[in-house]
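# Report on the structure
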Amino acid sequence: MIPTFGSYHLANVRLHRSLTPGLSAPFDADGFALADIAVADGKISSITAHGRSADAIDLGGRIVLPCFVDCHTHIDKGHIWPRKPNPDGTFMGALNATGADRTARWSAEDVARRMDFSLRSAYAHGTRALRTHIDSVAPQEEISWPVFETMREAWRGRIELQGACLLGIEGVRDRKWFDRLAKRVAAAKGVLGVVTYMVPDLEELLDQVFAQAIKHGLDLDFHADETDDAAAISLKKIAEAALWNGFEGNILVGHCCSLARQPDLEVLDTLDKVAKAGLAVVSLPMCNLYLQDRRPDQTTPRWRGVTLLHEMKARGIPVAVASDNTRDPFYAYGDLDMLEVYRMATRILHFDHPVADWPQTVSATPASVMRLDGFGTLAAGGDADFILFKGRSWTELLSRPESDRIVVRGGRAIDRQLPDYAELDGLMVE
Ligand SMILES: [Zn+2]
């Protein structure tokens, strides 16, 4: 259906208002307008309201979205499930199982093969940019960062890959080692990341993290408050630290689950500070649904685990959703399919009635947090990187997996073959 070269016109496609800033056309209540897209030499040469064009390919009102941006993943952990499942589905179960697997199995080859498998899946589903956290507890940082750098080069032009180091914030107490890690991350043009816990010296340790980020000009990426414990307020502590350190880089904070368990006054105070400090927040709805409110004795979970994205967005805080873990002890499922993430987010987080600009959570907003100009929106002059779905409305789009979607990169439909799980069998034996 999509020509493999040259120039062509796609007519009668549905584009969303929140992802097509330059389009002037009548938008319906769901935010869609019928439009025509002209493609030439791998670029979008124009996007106009749907009219009539003699040699256009009529797509019958099918939805076209920009390629996805997945701003929070762990492709260094991905796909270890068959050899290291989570014994009980809890957060501690995940942490311990992953730690044991990392120590025993994460050679450069093991990490590289699983990363490549993940990237091929993400690419086939229509992802154009992806940030992965990289477990950086010694000595893993010396193994995984070179693999990441090689992978980023190999994938350049297909997936724009970013890396953020990952370690518990108590690791920052070893100042010399953390100083070396920050230098390593800076050399790889990465992002500085830690997992915050309510340790007694949290404020002091956060100051160390901000100091290193300022020294090396790095953006920051935190895992915060991935717990139902209402006493976990590290999101607020991060915002306060950003303000008193006068930090000017981008800060992305993931999870923030406990915020949904706190009293309103506490929530309001935190959101004020998060907005003032310019933090962006990413919710990981599938992973949070899996790990949070996991109860003993097979009793039923009673909350969804996600943070307060509606309240954040209402205050102008940039919000995103992302894949997080895939087939590892933190989440038994997942395939880096951002349409699945958006579908699940719509259901878990109520991204509907109205849909409004929620589609930006998987495209334009994470692109901005990741400083990727031209990603996550469709505009004349931009790369012809988009996904053509069967669905013509939100209910059609989000009711089926859309496994037959067409992913167009640089104007051409790509081969969407997913890697076979059997490829990883050799890594799964004891
Ligand atoms: Zn994560």
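These figures come from a predicted structure and were not determined experimentally. Throughout, a residue's number is its position along its own chain's written sequence, starting from 1. It should be noted that, the model being predicted, local features are given only for residues of pLDDT at least 70 and side-chain atom pairs only at 80 or more, the latter also being counted only at that level, while totals for whole chains, interfaces and linings use all residues. Values reported for side chains reflect all heavy atoms of the structure, with hydrogen atoms and water molecules removed beforehand.

### Digging into the coordination of the zinc ion
Only N, O and S atoms count as donors, using a 2.8 Å cut-off from the metal and 3.2 Å for Na, K and Ca, and because water is excluded some sites may appear unfinished. Protein-derived coordination of the zinc ion comes from His72 (NE2), His74 (NE2), His223 (NE2) and Asp324 (OD), at a distance range of 2.0 to 2.4 Å. Labels for metal geometry use angle windows, namely 85 to 135 degrees for all angles of a four-donor tetrahedral site, and for square planar (four donors) or octahedral (six donors) sites opposite donors over 155 degrees apart plus all others within 65 to 115; sites meeting none of these are irregular. Angles of 85 to 175 degrees at the metal separate the four donor atoms of the zinc ion, which places the site in the irregular class. Expressed as a motif, the donor residue spacing for the zinc ion is H-x1-H-x148-H-x100-D. Comparing His72 with His74 shows no difference in burial state: the two are buried. For every residue, the accessible area (1.4 Å probe, protein chains only) is compared with the maximum for its type, and the residue is labelled buried under 20%, exposed over 50%, or partly exposed between those bounds.

### A few points about the environment of Leu130
With respect to the helices, strands and loops of the structure, Leu130 is situated in strand S6 (residues 127-135). A sequence separation of 192 residues divides Leu130 from Ala322, and the C-alpha atoms of the two residues are 9.5 Å apart. In this structure Leu130 touches Asp70, Thr73, Ile75, Leu119, Ala122, Ile159, Glu160, Leu161, Gln162, Leu336 and Met370, once residues within four positions along its chain are discounted. Here a helix means four or more residues in a row that DSSP labels H or I, a strand means two or more in a row labelled E, and each is numbered from the N terminus. We call two residues contacting when some pair of their heavy atoms lies within 4.5 Å.

### Some points on the packing of aromatic side chains
Here a ring pair, both rings aromatic, is described through the centre-centre distance and the interplanar angle of the planes. Between rings of Phe, Tyr and Trp, where Trp is taken as its six-membered ring, a pair exists when centres lie within 6.5 Å; planes separated by under 30 degrees are stacked, by over 60 edge-to-face, and by other angles tilted. This structure, assessed with the given rule, holds 13 aromatic pairs. Aromatic pair Tyr290 and Tyr331: ring centres 5.7 Å apart, planes at 85 degrees, arrangement edge-to-face. Of the two residues, Tyr290 is situated in helix H8 (residues 285-291) and Tyr331 in the loop between strand S12 (319-321) and helix H10 (338-349); the sequence distance between them amounts to 41 residues. Note on Tyr342 and Trp394: the rings are 5.9 Å apart at their centroids and 40 degrees apart in plane angle, and the pair reads as tilted. Of this pair, Tyr342 sits in helix H10 while Trp394 sits in helix H12 (residues 394-397), placing them 52 residues apart in sequence. Accessibility assignment for this pair places Tyr342 and Trp394 in one class, buried. Taken together, the ring pairs connect Phe32, Tyr342, Phe351, Trp358 and Trp394 into an aromatic cluster. Here the basic side chain of Arg294 rests over the ring of Tyr290, its NZ or CZ set 4.6 Å away from the ring centre. Geometrically, a lysine NZ or arginine CZ counts as sitting over a ring once it is within 6 Å of the ring centre and also within 35 degrees of the ring normal.

### Here we look at the UniProt feature "domain: Amidohydrolase" (unreviewed entry) in the chain
UniProt positions are given in the numbering used here, feature names are shortened, and annotations may be inferred rather than shown by experiment. In this structure's numbering, the residues bearing the UniProt feature "domain: Amidohydrolase" (unreviewed entry) are residues 199-411. Regarding residues 199-411, the helix share stands at 35% and the strand share at 11%, and the terminal C-alpha atoms are separated by 51 Å.

### Topic: the nonpolar core
Nine residue types can take part in a nonpolar core, namely buried Ala, Val, Leu, Ile, Met, Phe, Trp, Tyr and Cys, and a core is a set of them joined through side-chain atoms within 4.5 Å. Core analysis: the biggest nonpolar cluster contains 111 residues, and Phe222, Ile251 and Leu279 have the highest contact counts within it. Of the residues forming this core, the biggest block, seven residues, is contributed by H10. Apart from the residues lying within four places of it in its own chain, the contact partners of Leu279 are Leu235, Ile238, Ala239, Ala242, Ile251, Val253, Val274, Ile317 and Pro318. In this structure, Leu10, Ile44, Ala384 and Leu388 belong to the second largest nonpolar core, which totals 21 residues.

### Side note on the sheet that holds strand S7 (residues 160-166)
Strand pairing is assigned whenever DSSP identifies at least 2 bridges connecting the two strands. Taken in spatial order, the three strands make up an open sheet running S5-S6-S7, and their pairing is parallel. Where the open sheet ends on each side, the last strands, each with one partner, are strand S5 (68-73) and S7. For this sheet the average axis-to-axis angle between neighbouring strands, irrespective of direction, equals 15 degrees. As judged from the seven bridges shared by S6 and S7, these two strands associate in the parallel manner. From the neighbouring strand, Thr132 faces S7, where its bridge partner is Gly163. Helix H2 (residues 108-125) rests against S5, S6 and S7 of the sheet, and its axis sits at about 155 degrees to S6. Angles here are taken between N-to-C directions and fall from 0 to 180 degrees, while the axes themselves are lines fitted to C-alpha atoms, restricted in helices to the stretch in contact.

### Focus: the state of the cysteines
Cysteine sulfur atoms are paired as a disulfide whenever they come within 2.5 Å of each other. Scanning all chains against the criterion turns up zero disulfides. In this model Cys67 remains outside any disulfide bridge; the closest cysteine sulfur is found in Cys71, 16 Å from its own. Free of any disulfide, Cys165 has its nearest neighbouring cysteine sulfur in Cys71, separated by 16 Å. Classification of Cys165 as buried rests on a relative accessible area of 0%.

### Re the sheet that holds strand S8 (residues 192-196)
Reading across from one edge, S8-S9-S10-S11-S12 is the order of the five strands in this open sheet, with parallel pairing throughout. Only two strands of the sheet have a single partner each, and these edge strands are S8 and S12. Adjacent strand axes in the sheet meet at a mean angle of 20 degrees, parallel and antiparallel pairs treated alike. Across five bridges, the pairing between S8 and strand S9 (residues 220-224) is parallel. Residue Thr196 lies in a different strand from S9, and its bridge partner there is Ala224.

### Re the side chain of Asn325
With respect to the helices and strands, the residue Asn325 is situated in the loop between S12 and H10. Whenever two N or O atoms come within 3.5 Å, that pair is a polar contact, provided that in protein one can donate a hydrogen and the other can accept it, and provided that, for residues adjacent in sequence, both atoms are side-chain atoms. There is a polar contact of 2.9 Å between the side chain of Asn325 and the side chain of Asp328. Apart from residues no more than four positions distant in its own chain, Asn325 is found in contact with His74, Lys77, Cys287, Phe330, Tyr331 and Tyr333.

### Description of the side chain of Arg416
Summarising the element assignment, Arg416 is placed in the loop between strand S15 (412-413) and helix H13 (425-428). A residue counts as positive if it is Lys or Arg and as negative if it is Asp or Glu; His and the chain ends are not included. What makes a salt bridge here is a side-chain nitrogen of Lys or Arg within 4 Å of a carboxyl oxygen of Asp or Glu, nothing more. Buried charge without a partner: Arg416 forms no salt bridge, and the closest opposite charge is Asp337, 6.4 Å away. Here the side chain of Arg416 touches Ser403 through a polar contact of 2.7 Å, landing on its backbone oxygen. When neighbours within four sequence positions are excluded, Arg416 is seen to be in contact with Ala124, His125, Ser403, Asp404, Arg405, Ile406 and Val407.

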